[in-house]
Each structure stands twice: as structure tokens, then as C-alpha cells.
Amino acid sequence: MTTGTTSTGVRARVRAELTAEIKAVARRHLAEHGSAALSLRAVAREVGMVSSAVYRYFPSRDDLLTALIIDAYDAVGAAAEVADAGRRRRDLHGRWLAVCRAVREWARANPQEYALIYGSPVPGYRAPQDTIGPASRVSFVLLGIMVDGSASAAMGPAVGGAPAHTGGASLQVSAALRADLAGLRELGAPGVSDTVLLRGLQVWTQLFGAISFELFGHLHGIVHDYDAFFDVQMRRAGDLLISGH
């Protein structure tokens, strides 16, 4: 190995270590001050770097926020994927529950990161295209369950087999919403009917709504056994997703 190659490897390791340290400090600042107050200068001071040096790693606060957002989406996405892969493919209900529990477990362990990606938008920040792929990972796990359920007819008729409905009650669906569903089907749900896609969207929002209500304190003094309440909600949501009622 040449000296030049060795030096390049050392610089790469140092850069990776400093990048990880900067992001770790930034996460602590998120927990203490919130995302809107995140400051590159403050992070730099705690890391022991001058501001100009930090800018070589993250040119702006928004670049640092984007890195934290991508890390958070990737982490919760990986948790969902591992949970899904740990169940038999034909066990649709078991896969759904495993994914729900994994997402909630990650959220409870990382409440500030959950708030960063599923809470209030950061004022003045616009997420770049780089965040779309990581943000879709949990959604694609759910789409995979719907694709498998539709392929086996476990979730009802495939595309074109029935009018859109949820829970047995027919719904009038606007042309715009049908176009949205068609786009979702094209994106990652081949063969999944509007009926099932609507149920999927309903339970997807219920999953994150349930977690947000718990983490942001909206159930305080109302529910005392969060584990049991969450499981009841997700089991009923799973019934709706898979059987339609």
C-alpha cells in the first residue's frame, strides 16, 4: 500500500468520525432545543471546531438537517424492513403487527428524531429530493404486504374487481383521488386495487397518528396502558387492511 493511499484512507476515516460526531451533537441539540433552534455554530462549539471547519462537512444548517432526516428515515425504515422479513410472507396480519410494533419501538427510543420527520415542519426548511427514497421505506413495506395480499386474493379482488370501498361501505371516490391511487399503484403496488389501497392509506395514517398521539402527550391522563391500547388499535387496523372490516 502506498503512502498516498494510506493518507487518503486516514483522511476518510477522520472525516467519517467527525461527521458522525457532528450529527450526534446535533441530535442532542434537537432534544434540548428543538429543530427550529438548531445552529451550526452551536454544534461547532460543542464539537470543538471553528464554524468554518464545520461548513466543510455541512455547508448550511439545512444540509445538517437533511442528513439527520435521512438518517432517521433510514433507521425507522430498516426497523420496519427487519420486522417484516422476520415473519412468514403469507402471514399478512403478523407482518402488519410486527411492522407496527417495530416502528413504535423505534419512535419511543428516538422521540426527537421521530418528531423531526413526523412532527411539525421545521420553519424555513424545504426537504430536498434526497429525502424521498429514505422517507418511502416504511411505506414500501406496507405496499409489499398489500401486493402479497392482493396476489393471493387474501385482501379481496385485484385491480378492476370491485368499486372502491373500505370496511364494506361503498365510497364515492373523486377522480383526483383515483388518479392518486393509480400513481401509488404504479409506484410500487402492481395489481393492488383502489379498494385495498384506500384501506392501506387509512391504516398507514392510523399507525403514525397513534404513535404521535402517544409521543406528543395527547393520551396523557386518558390511557395508562399504552402497550395494550396500541396493540388493540393495530390489530383492528390489521383486520381492516386484510379483510376490509
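Residues numbered from 1 in each chain as written. Predicted model: local features only at pLDDT ≥ 70, side-chain atom pairs only at ≥ 80, totals over all residues. Heavy atoms only, no water.

Regarding the overall build of the protein chain
Secondary structure assignment for the protein chain yields 11 helices and two strands. Counting from the amino terminus, the protein chain carries its helices and strands in the arrangement α-α-α-α-α-α-α-α-β-β-α-α-α. For the C-alpha atoms alone, the extent of the protein chain along its principal axes is close to 65 × 50 × 35 Å. Within the protein chain, buried positions represent 41% of all 245 residues. (Helix = DSSP H or I, 4+ residues; strand = E, 2+ residues; numbered from the N terminus. Buried < 20%, exposed > 50% of the residue type's maximum accessible area, 1.4 Å probe, protein only.)

Re the side chain of Asp 84
Along the chain, the position of Asp 84 falls in helix α4 (residues 61-85). On the basis of relative accessible area, Asp 84 is assigned to the buried category, the value being 15%. Separated by 2.7 Å, the side chains of Asp 84 and Arg 95 make a polar contact. Among all residues touching Asp 84, those that are not within four sequence positions of it are Arg 95, Val 99, Val 141 and Ile 145. (Polar contact = N/O pair within 3.5 Å; in protein donor to acceptor, adjacent residues only side chain to side chain. Contact = heavy atoms within 4.5 Å.)

Here's the deal with the side chain of Gln 233
Within the fold, Gln 233 resides in helix α11 (residues 226-243). According to the relative accessible area criterion, Gln 233 is buried, its value standing at 17%. Those residues within four positions of Gln 233 in sequence are excluded, and the remaining contacts are Gln 206 and Ala 210.

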